[in-house]
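Structural overview for review
As a plain string of letters, each chain reads:
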Amino acid sequence: MGKSTVFNIIFETCTALWNKLRASVLELPTTEDWKGIGRGFESQWNFPNCIGAIDGKHIPIQASAGAGSEYYNYKGFHSKVLLAICDYRYAFTMLDIEATGRQSDGGIFSRSKMRKYFEEDRMGVPNPVSVLDSDNVLHFVAVGDQAFSLTTYLMTPYSENNKLSLDQRIFNYRLSRARRIIENTFGILTAK
C-alpha cells in the first residue's frame, strides 16, 4: 500500500475510535469530581481550589507536502499540539488535539472548546468557597504558565518583570509546584 493510503486508514480508524469512545474514556468531570481534585491539589501541592494544571505539548509529526509553515513550531520541527488539563494524580481530565504546531498555548486555549465551556459556565466548576479555615473566598481555578491569560478560572504567575513582594514570590512558588504536574504528566506520557 502507498503511504497516503496507510495514512488515511490510520487517520480514519483513529477518528472513529475517538468519536466512539471519548465519552466513556475521557468524561467531563462533575462538580463533585472538581471538588475532589481541588482537595487533592491542596493536600498534595499546597494550592487550594485548583481543578487542574494546563499546558501544551508539541507532538512531532511528518508534515504532508504543501503544509508550508502551518505545522512548523518555534522549536524547529513540525508538530501538532496536545493541549491538556490534568489533575493532581497525573491523570488527564481534558484534552484538545486539533492545534497545529505554529500556534501558541495561549492562542490554542483562546480558540478551544475548553475555554468556551469555562466562559459559558458549562464545566460544572464548583462555586467559590472559603479556604484554609479563613474568610478568604476563592474561585476554583486551573493553573497555567505565562503563555495563558489570567481569568477567573485560570490562574497564572505574577510577571517576573517587576520586583515581587514576598507574598507574590510565595504565590508564584506554590503555583509553580501545582503547575509542574502537567509537565510531569506529559513526561510520563512521552516515556510510555
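Here the structure is a predicted model, which is why all the values come from computation and not from measurement. Along each chain, numbering runs from 1 in the same order as the chain's sequence is written. Totals for whole chains, interfaces and linings use every residue, but because this is a predicted model, local features are given only for residues with pLDDT of at least 70 and side-chain atom pairs only at 80 or more, for both listing and counting. Note that the side-chain values use all heavy atoms of the structure and ignore hydrogens as well as water.

**A word on helix α2 (residues 31–45)**
Residues separated by three or four positions in an α-helix point in the same direction, a consequence of the helix having 3.6 residues per turn. Between its first and last C-alpha atoms α2 spans 21 Å; for 15 residues at 1.5 Å apiece the expected length is 21 Å, and the two agree. Summary of the burial criterion: residues with accessible area below 20% of their type's maximum are buried, those above 50% are exposed, and those between are partly exposed, where the area comes from a 1.4 Å probe applied to protein chains only. In this description a helix means any DSSP run of H or I spanning at least four residues, a strand means any run of E spanning at least two, and both kinds are numbered starting from the N terminus. Turning to α2, its buried residues are Trp34, Ile37, Gly38, Gly40, Phe41 and Trp45. The buried residues of α2 occupy an angular sector of 160 degrees when the element is viewed end-on, so they sit on one face. Those residues of α2 that are exposed and aimed more than 90 degrees away from the buried face are Glu32, Arg39 and Ser43. In what follows, residue pairs with any heavy atoms lying within 4.5 Å of each other are defined as contacts. Elements that come into contact with the buried residues of α2 comprise β1 (50–60), β2 (79–86), β3 (92–100) and α5 (166–191). Two residues or fewer after α2 comes Asn46, characterised by a positive phi angle close to 60 degrees. To estimate the expected span of a helix, count its residues, drop one, and scale the result by 1.5 Å. Think of it as the arc spanned by the lines of direction from the helix axis to the C-beta atoms.

**Points about the pairing of β2**
Extensive coverage of β2 is indicated by the burial of seven of its eight residues. In short, DSSP must find at least two bridges between two strands for them to pair. Taken together, the eight bridges between β1 and β2 define a ladder with antiparallel strand orientation. The residue of β2 that forms the bridge with His58 is Val81. Counting the residues in the hairpin turn of β2 and β3 gives five residues, including Tyr90, whose phi is positive at 70 degrees.

**Thoughts on unusual backbone geometry**
Phi angles above zero are rare outside glycine, and Asn49 is one such case at about 60 degrees. Secondary-structure assignment places Asn49 in the loop between α2 and β1. Classification of Asn49 by relative accessible area gives buried; the value is 6%. If you check the backbone angles, Tyr90 has positive phi at about 70 degrees while not being a glycine.

**Side note on the UniProt feature "domain: DDE Tnp4" (unreviewed entry) in the protein chain**
Under the feature "domain: DDE Tnp4" (unreviewed entry), the UniProt entry names residues 54–190. The span residues 54–190 is 28% helix and 24% strand, and its two end C-alpha atoms sit 17 Å from each other. UniProt positions are given in the numbering used here, feature names are shortened, and annotations may be inferred rather than shown by experiment.

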